[in-house]
Amino acid sequence: PVCNRSTDAAKDTFAGRAQDTEGQYGPQEDALDILSMDLASDAKNLTGVVRVAKLATKVQTAPGGIDFRIQFTLPGQDPTAGNFFLNARTDPSGAPSFLLGLRTIVAQGQSTTAKLVDGTGTFDTAKHEVHITVPVSAVESGNVALAAGSNLSFAGLDETSARPTGVTPAT
């Protein structure tokens, strides 16, 4: 098994939003306030868990849905060139979807994403946790693949929540 944990301070969802031309910050939103997250695997599955201050599947300050992303790299993968990510999101109606994707950095501040496989998961509003599970066999790209005993890394990567203005899954 592989297990890594990342923590984050509470009450810090005041993020600058691209749609705010005056540089205002979005309101604090406990449904998007990540407290911790981790990754663990067994022989068949990789599972990410995001713990949130007060999880909800529909949020008034996020009419386009909500989005959580756990980014990680495998041994031999350069985080400045790309990384894998587990993604959980809801659409405007609150319906969830889950996936494993690959992010490739094409230029400074620019990247592309590709969906590698659909995942399964849950938005557990009682425990305030999001679970995302994908097959270990899908976590591969080029010469890197998730193998038994691999150390996954969060180093240099953002673990994010978002209020998308349009929910467009990686393709």
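Here, the structure is the one placed above.
Report follows, based on the coordinates. (Residues numbered from 1 in each chain as written. Predicted model: local features only at pLDDT ≥ 70, side-chain atom pairs only at ≥ 80, totals over all residues. Heavy atoms only, no water.)

1. Points about the overall build of the protein
We apply this condition: Numbered from the N terminus, helices here are DSSP runs of H or I no shorter than four residues, and strands are runs of E no shorter than two. In what follows, residue pairs with any heavy atoms lying within 4.5 Å of each other are defined as contacts. Residue exposure ignores everything except the shown protein chains as possible cover, and the areas themselves are Shrake-Rupley values with a 1.4 Å probe.
Looking only at helices and strands, the protein has 0 helices and 12 strands in total. Listed by position from the N terminus, the elements making up the protein come as β-β-β-β-β-β-β-β-β-β-β-β. Put simply, of all contacts in the protein between residues at least 6 apart along the chain, 58% involve residues at least 24 apart. As displayed, the protein offers around 8900 Å² of accessible surface, 50% of which is attributable to carbon and sulfur atoms.

2. With respect to the nonpolar core
For clarity, the threshold we go by: Throughout this description, the term nonpolar core refers to a set of buried Ala, Val, Leu, Ile, Met, Phe, Trp, Tyr and Cys residues connected via side-chain atoms within 4.5 Å. Here the term buried applies to any residue with accessible area under 20% of the maximum for its type, exposed to any over 50%, and partly exposed to those in between, with areas from a 1.4 Å probe on protein chains only.
Membership of the largest hydrophobic core comes to 33 residues, with the highest contact counts inside it found for Leu 46, Phe 68, Phe 72, Leu 86, Val 130 and Val 139. Elements with a contribution of two residues or more to this core: β2 (34-41), β3 (45-52), β4 (67-72), β5 (82-90), β6 (96-107) and β9 (129-135). Sequence-distant contacts of Leu 86, defined by excluding residues within four places in its chain, comprise Leu 39, Leu 46, Thr 47, Gly 48, Phe 68, Arg 69, Ile 70, Phe 72, Leu 99, Leu 100, Ile 132 and Val 134.

3. Focus on the pattern of salt bridges
Heads up, the rule is: The salt bridge definition used is simple: a Lys or Arg side-chain nitrogen within 4 Å of an Asp or Glu carboxyl oxygen.
This model, assessed by the stated rule, comprises 4 salt bridges. Between Arg 51 and Glu 129 there is a salt bridge whose closest N-O contact spans 3.5 Å. Pair noted here: Arg 51 is in strand β3 and Glu 129 is in strand β9, with a separation of 78 residues, a long-range link. Put simply, Asp 67 and Arg 89 hold a salt bridge, and the shortest N to O gap is 2.9 Å.

4. Brief notes about the pairing of β3
For clarity, the cut-off: Whether two strands pair depends on DSSP finding at least two bridges between them.
Strand direction decides the pairing type here: β2 and β3, joined by 7 bridges, are antiparallel. In the sheet register, Ile 34 faces β3, and the bridge partner there is Val 52. Taken together, β2 and the strand that follows it, β3, pair antiparallel across an intervening segment of 3 residues. Pairing of β3 with β9, which is carried by 7 bridges, proceeds in the antiparallel orientation. What sits directly across from Leu 46, in β9, is Val 134.

5. Here's the deal with unusual backbone geometry
In this structure, His 128 is a non-glycine residue whose phi angle is positive, near 60°. Along the polypeptide, His 128 turns up in the loop between β8 (120-124) and β9.

6. Some details on the packing of aromatic side chains
Put simply, the rule reads: To pair, rings of Phe, Tyr and Trp, with the six-membered ring standing in for Trp, must have centres within 6.5 Å; the planes then decide the type, stacked if under 30 degrees apart, edge-to-face if over 60, and tilted in the middle.
The tally for this structure, following the rule as stated, stands at 3 aromatic pairs. Relative to Phe 84, the ring of Phe 72 has its centre 5.8 Å away and its plane inclined at 20°; by these criteria the two rings are stacked. Here Phe 72, found in strand β4, pairs with Phe 84, found in strand β5; they are 12 residues apart in sequence, far enough to count as distant. On the basis of relative accessibility, which here comes to 0%, the residue Phe 72 falls in the buried class. Between Phe 98 and Phe 123, the aromatic rings sit 5.8 Å apart at their centres with planes inclined by 40°, giving tilted as the arrangement. Taken as a pair, Phe 98 in strand β6 and Phe 123 in strand β8 lie far apart in primary sequence, 25 residues in all. Judged by relative accessible area, Phe 98 falls into the buried class, the value being 9%. Overall, the relative accessible area of 14% leaves Phe 123 in the buried class.

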